[in-house]
Amino acid sequence: MSVRWTHASLIAMALALGGRALDARATTLAPLTVEQLTDGSTYIVEGKVLEVWTELDDEKAMVWTRARVEVTRTIKGPDSPTELVIESPGGRYGDFDVEVPAHAVFSPDEDVFLFLDQSREGHLRPAGMFMGKYTIRRAPGETEKYARTWNSSHNEAFDARFLPHPELTDRVYLSDLEDRVEQRLRVGWDGQPIPGASIEQLRTVNAPERRFPHLDTVPTRSTP
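Trainee: Can you tell me about the environment of Trp150, naming the residues and giving the values?
Mentor: With respect to the secondary-structure elements, Trp150 resides in the loop between strand 10 (146–148) and strand 11 (172–173). With relative accessibility at 33%, the residue Trp150 sits in the partly exposed group. In this structure, the C-alpha to C-alpha distance between Trp150 and Leu163, residues 13 residues apart in sequence, is 8.4 Å. If near-sequence neighbours (up to four positions away) are discounted, Trp150 is found in contact with Phe130, Phe158, Leu163 and Pro164.

Trainee: Any chance you could break down the pattern of salt bridges for me, citing the residues and the numbers?
Mentor: Any two side chains of opposite charge can pair, so long as their charged atoms come close to each other. The full count for this structure, using the stated rule, is 18 salt bridges. Residue Arg73 is joined to Glu46 by a salt bridge in which the shortest nitrogen-to-oxygen separation is 3.5 Å. In this pair, Arg73 sits in strand 3 (residues 63–76) while Glu46 sits in strand 2 (residues 43–56), placing the two residues 27 residues apart along the sequence. When its relative accessible area of 30% is taken as the criterion, Arg73 is described as partly exposed. Beyond isolated ion pairs, a larger network of salt bridges with shared partners links Glu46, Arg73, Glu178 and Glu182.

Trainee: Explain empty space enclosed by the protein to me, using residue names and the numbers behind them.
Mentor: What the rule picks out here adds up to 2 cavities of 30 Å³ or more. When its volume is computed, the second largest cavity comes out at roughly 60 Å³. If you go around the second largest cavity, the residues you meet are Ala104, Val105, Phe130, Lys133, Thr135, Arg148, Thr149, Trp150, Phe158 and Leu163.

Trainee: Could you give an account of the pairing of strand 7 (residues 111–118), with specific residues and numbers?
Mentor: With 6 of 8 residues buried, strand 7 lies mostly within the body of the structure. With 6 bridges joining them, strand 2 and strand 7 adopt antiparallel strand pairing. What sits directly across from Lys48, in strand 7, is Asp111. Of the strand pairs in this sheet, strand 7 and strand 9 (residues 133–137) are connected by 3 bridges, and their pairing is antiparallel. If you follow Phe113 over to strand 9, its bridge partner there is Tyr134. Sheet topology places strand 7 next to strand 8 (residues 124–126); 3 bridges connect them, and they run antiparallel. Counterpart to Leu116 in the pairing with strand 8 is Pro126. Hairpin connection from strand 7 to strand 8: 5 residues lie between these consecutive antiparallel strands, with Gly122 at a positive phi of about 95°.

Trainee: Describe helix 3 (residues 174–187), naming the residues involved and giving the relevant values.
Mentor: Counted at 1.5 Å a residue, the expected span for helix 3 with its 14 residues is 20 Å, and the 20 Å between its end C-alpha atoms agrees. Where helix 3 ends, the next residue or the one after it, Gly188, has phi of about 95°, a positive value.

Trainee: Kindly report on the nonpolar core, identifying the contributing residues and their values.
Mentor: The biggest cluster of nonpolar side chains holds 23 residues, and the ones touching the most others in it are Phe113, Phe115, Tyr134, Leu177 and Val181. Of all the secondary-structure elements, those providing two or more residues to this core are helix 2 (34–40), strand 7, strand 9 and helix 3. In terms of residues, this core owes the most to one element, helix 3, which gives 4 residues. Core analysis: the next-biggest nonpolar cluster, separate from the first, contains 14 residues, Leu84, Phe106, Val112 and Leu114 among them.

Trainee: Any details on unusual backbone geometry? Residues and values, ideally.
Mentor: Of note in this structure, Ala102 is not a glycine but carries a positive phi near 75°. Counting through the fold element by element, Ala102 comes out in the loop between strand 6 (96–99) and strand 7. Residue classification places Ala102 among the buried residues on the basis of a relative accessible area of 0%. For Asp109, which is not a glycine, the phi torsion comes out positive at approximately 70°. Secondary-structure assignment places Asp109 in the loop between strand 6 and strand 7. Its relative accessible area of 44% is what places Asp109 among the partly exposed residues.

What counts, and at which threshold
Residues numbered from 1 in each chain as written. Predicted model: local features only at pLDDT ≥ 70, side-chain atom pairs only at ≥ 80, totals over all residues. Heavy atoms only, no water. Helix = DSSP H or I, 4+ residues; strand = E, 2+ residues; numbered from the N terminus. Buried < 20%, exposed > 50% of the residue type's maximum accessible area, 1.4 Å probe, protein only. Contact = heavy atoms within 4.5 Å. Salt bridge = Lys/Arg side-chain N within 4 Å of Asp/Glu carboxyl O. 1 Å grid on protein atoms, 1.4 Å probe; cavity = no way out; pocket = protein on both sides within 12 Å on 5 of 7 lines; lining within 4 Å. Points joined across faces, edges and corners; volume = space filled by probe spheres on them. Pairing = 2+ DSSP bridges. Expected span 1.5 Å × (residues − 1). Core = buried A, V, L, I, M, F, W, Y, C linked by side-chain atoms within 4.5 Å.

Any functional reading would require information beyond the geometric quantities listed.
Okay, structure coming up:
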């Protein structure tokens, strides 16, 4: 059974999952800045994808793709896990084929930089769907790694480890992304709303002890 989510269903799902507002075409998400992703995430981690699989929910209405990630660095979070399981809506499971535009795609052995939301049930999902998942690679002839997102509008199979390299002028180098995230964490959430996140949630995930999980002592500045 092949399912493509309709415009209205995608909007409802995005809101229910704590996702971001979809545009009129329901194939792209309202763009989020690195600062908004940083503020809205429960976890920000780097790591390697160990395995990927799909599961069908209890109602047999939605396929979820899950990825087990070995965490090599925790930049933000309530703790410093060694592994996390990330889920993304859509995928293929037996006769079920659920296509969700803008979903995040994971590949085994892929190096990743992740901005993660945590649902009320405790499940972790890329913040802003594909926008919260960066693939880390190194271009031929370069020594510095870069990070890139990838928006797959269909459920076509591909290996994220072999995505085309962006043009030199379009590359976001990993060290620059890390610096930008860490700078935002030092400054702290500015109190502005973020689509898909409640003010209470933003206060919780931006408490000083969550912004600096790797430090023995943390800044005393409170969140707005």
